[in-house]
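# Coordinate inspection notes
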Amino acid sequence: MSKTRAFVRENSMTLVFIALFVVSLVGEALAGYFDFNAQQTEHHQAAYTFGRYLVSSQFGVDVMENWQSEFLQFASFIALAIWLRQRGSTESKAMNEPSIPSDAKDKIGGHAGPHTPPWARAGGWRTAVYSNSLLAVMLFFWLGSWATQSVTGWRTYNDDQQTHKEASVSYSSYLGTPGFWNRSLQNWQSEFLAVASISLFTVYLRQRGSSQSKPVGEPHLSGTGSDD
């Protein structure tokens, strides 16, 4: 097998999801562009070129409000899965498993193996940072995309204010508007529902061949997420 084919096979899940992301983002950009210009025409405003639309706050806020909610989903799930349990779920640790595993189980410090990442082997603050790097990165992307959503949403809000010949608001005032929190919370509730659903459904439902499912014949309350 060639190196290229081996790379594609070993990274096929990530590559396919990146491709789906790009296709979906392009589709969103095109659909949003035509929809936005239709609204501009309806309000007797000048149409945008596609390039101008791509760098506009209108496109930015639509993208960012979805990104921030997705990163919030992963950050909250990563953090809460340390302490919380769902018996029988593939998304949960076993009921009697400690929240923080031992150094030996995590293969850090003096328990490092020959292929252990350098910062996991180093000990001290570097191992502490690396031990929490996944959650830290997810929180960074969530806060960054949420902040970007707030700025682009503020600009979009003021554009609408001007269209309706009303006064613009300051950034701090916008953060207190129902519109900003509506944009945020309408995405958050769906993400929390999705995580709750997958946590519970994997107790009772199966998908043969998927890493997200228990073996088809596994009892509901045994296996991953149980004491058995």
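Since we're looking at a predicted model, the values are computed, not measured.

## A word on the environment of Gln207
Residue placement: Gln207 occurs in the segment after helix H10 (178-204). In this structure Gln207 comes out as exposed when scored by relative accessible area, which is 52%. As a C-alpha pair, Gln207 and Met1 span 206 residues in sequence and 30 Å in three-dimensional space.

## Concerning unusual backbone geometry
Not every positive phi belongs to a glycine, and His44 is a case in point at roughly 60°. The residue His44 is located in the loop between helix H2 (12-42) and helix H3 (50-54) in this model. Using a relative accessible area of 74% as the deciding quantity, one classes His44 as exposed. The backbone phi angle of Lys165 is positive, close to 55°, even though this residue is not glycine. With respect to the element layout, Lys165 can be found in the loop between helix H8 (133-163) and helix H9 (171-174).

## With respect to the side chain of Thr152
Along the chain, Thr152 turns up in helix H8. Assessed through its relative accessible area of 11%, Thr152 is described here as buried. Residues in contact with Thr152, not counting those within four places in the same chain, are Ser57, Gly60 and Val61.

## As for the nonpolar core
By size, the foremost hydrophobic cluster in this structure holds eight residues: Ala29, Tyr33, Phe36, Tyr48, Tyr53, Phe59, Val63 and Met64. The residues contacting Ala29, other than those within four sequence positions of it, are Phe50, Tyr53, Leu54 and Phe59. Core analysis: the next-biggest nonpolar cluster, separate from the first, contains six residues, Leu72, Trp142, Trp146 and Trp188 among them.

## Quick notes on the pattern of salt bridges
For the structure shown, the criterion picks out three salt bridges. The shortest N-O distance in the salt bridge between Arg183 and Asp62 comes to 3.7 Å. One end of the pair, Arg183, is in helix H10; the other, Asp62, is in helix H4 (residues 57-83), with 121 residues separating them in the sequence. With a relative accessible area of 30%, Asp62 lands in the partly exposed category. Salt-bridge contacts for Lys105 lead to Glu97; the nearest nitrogen and oxygen are separated by 3.3 Å. On the basis of relative accessibility, which here comes to 25%, the residue Glu97 falls in the partly exposed class.

## Digging into the packing of H2 against H4
At a minimum axis separation of 10 Å, H2 and H4 run at an interaxial angle of 140°. As judged from the angle between their axes, H2 and H4 are oblique. The interaxial crossing formed by H2 with H4 has right-handed handedness. The segment H2 lies against H4, with Phe21, Leu25, Glu28, Ala29 and Phe36 engaging Gln58, Phe59, Asp62, Val63 and Trp67. Here the contact of H2 with H4 is built from residues that sort into seven nonpolar, one polar and two charged.

## A closer look at the packing of aromatic side chains
The way to describe two aromatic rings as a pair is by their centre distance and the angle between their planes. Evaluated as defined, the whole model comprises 20 aromatic pairs. Seen in terms of ring centroids, Tyr33 and Phe50 are 5.3 Å apart; in terms of plane orientation they differ by 80°. Their pairing is edge-to-face. Of this pair, Tyr33 sits in helix H2 while Phe50 sits in helix H3, and the two are 17 residues apart along the sequence. Considering the side-chain rings of Phe71 and Phe141, the 5.2 Å spacing of their centres and the 25° angle between planes classify their relative orientation as stacked. Here Phe71, found in helix H4, pairs with Phe141, found in helix H8; they are 70 residues apart in sequence, far enough to count as distant. Within the aromatic cluster, the residues linked to one another by ring pairs are Tyr33, Phe34, Phe36, Tyr48, Phe50, Tyr53 and Phe59. A cation over a ring is seen here: Arg52 above Tyr48, with NZ or CZ 3.7 Å from the ring centre.

The rules we used
- Residues numbered from 1 in each chain as written.
- Predicted model: local features only at pLDDT ≥ 70, side-chain atom pairs only at ≥ 80, totals over all residues.
- Heavy atoms only, no water.
- Helix = DSSP H or I, 4+ residues; strand = E, 2+ residues; numbered from the N terminus.
- Buried < 20%, exposed > 50% of the residue type's maximum accessible area, 1.4 Å probe, protein only.
- Contact = heavy atoms within 4.5 Å.
- Core = buried A, V, L, I, M, F, W, Y, C linked by side-chain atoms within 4.5 Å.
- Salt bridge = Lys/Arg side-chain N within 4 Å of Asp/Glu carboxyl O.
- Axes fitted to C-alpha atoms, helices over the stretch in contact; angles between N-to-C directions.
- Parallel < 35°, antiparallel > 145°, perpendicular 65-115°, else oblique.
- Left-handed = near helix turned anticlockwise from the far one by under 90°.
- Nonpolar A, V, L, I, M, F, W, Y, C, P; charged D, E, K, R; others polar.
- Phe/Tyr/Trp six-rings, centres within 6.5 Å; stacked < 30°, edge-to-face > 60°.
- Lys NZ or Arg CZ within 6 Å of the ring centre and 35° of its normal.

Function cannot be read off these values alone, since they describe shape.
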